[in-house]
Amino acid sequence: MAQEQPADDGGAAPDPWDGVELDEDFVRAAETSEPSARARMLAARWRAERPEPQPWRADKPPAGWFFSRSRRRRRKG
């Protein structure tokens, strides 16, 4: 998989990444993380046009709330 670079003497030079091992401790020690694709997409969209404020709770109950099983049980008993 690793591509070898040709050396001046005609032989293949060893790949400098052959001896590197990226173990779990190395990965967990990383201090930076990249935002998700959705977060990047929303940030770019909101830079161009700010979103309108949305209420924390909607005016309508969630889908299926009126016909939920727990509501039916309460009505029967």
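Attention in this report is confined to the structure presented alongside it. (Residues numbered from 1 in each chain as written. Predicted model: local features only at pLDDT ≥ 70, side-chain atom pairs only at ≥ 80, totals over all residues. Heavy atoms only, no water.)

1. Digging into the overall build of the protein chain
Note the threshold: Helix numbering and strand numbering both begin at the N terminus, where a helix is a DSSP run of H or I of at least 4 residues and a strand a DSSP run of E of at least 2. Only protein chains enter the accessibility calculation, which uses a 1.4 Å probe; a residue is then buried when its area is under 20% of its type maximum, exposed when over 50%, and partly exposed in between. Accessibility throughout is a Shrake-Rupley quantity obtained with a 1.4 Å probe, and a residue counts as covered only by protein chains that appear here.
Secondary structure summary: the protein chain contains three helices and two strands in total. Element order for the protein chain, N to C, with α for helix and β for strand: β-β-α-α-α. Counting across all 77 residues of the protein chain, residues that qualify as buried make up 1%. Accessible area of the protein chain: about 8500 Å², with a carbon and sulfur share of 52%.

2. A look at a nonpolar patch on the surface
What counts here: Exposure above 30% relative accessible area and the lack of any salt bridge qualify a residue for a patch; like charges then connect within 9 Å, and the nonpolar side chains Val, Leu, Ile, Met, Phe, Trp and Tyr within 5 Å. One side-chain nitrogen of Lys or Arg within 4 Å of one carboxyl oxygen of Asp or Glu is enough to make a salt bridge.
A cluster of nonpolar side chains, namely W17, V20, L22, F26 and V27, defines an oily patch on the protein surface of about 570 Å² accessible area. Here L22 is to be found in the loop between strand 2 (12-13) and helix 1 (24-28).

3. A closer look at the pattern of salt bridges
Here the structure, examined in full by the defined rule, presents two salt bridges. Where E24 meets R28, a salt bridge forms, and the shortest distance between an N and an O atom there is 3.1 Å. Of this pair, E24 and R28 both sit in helix 1, separated by four residues, roughly a single helical turn. With relative accessibility at 66%, the residue R28 sits in the exposed group.

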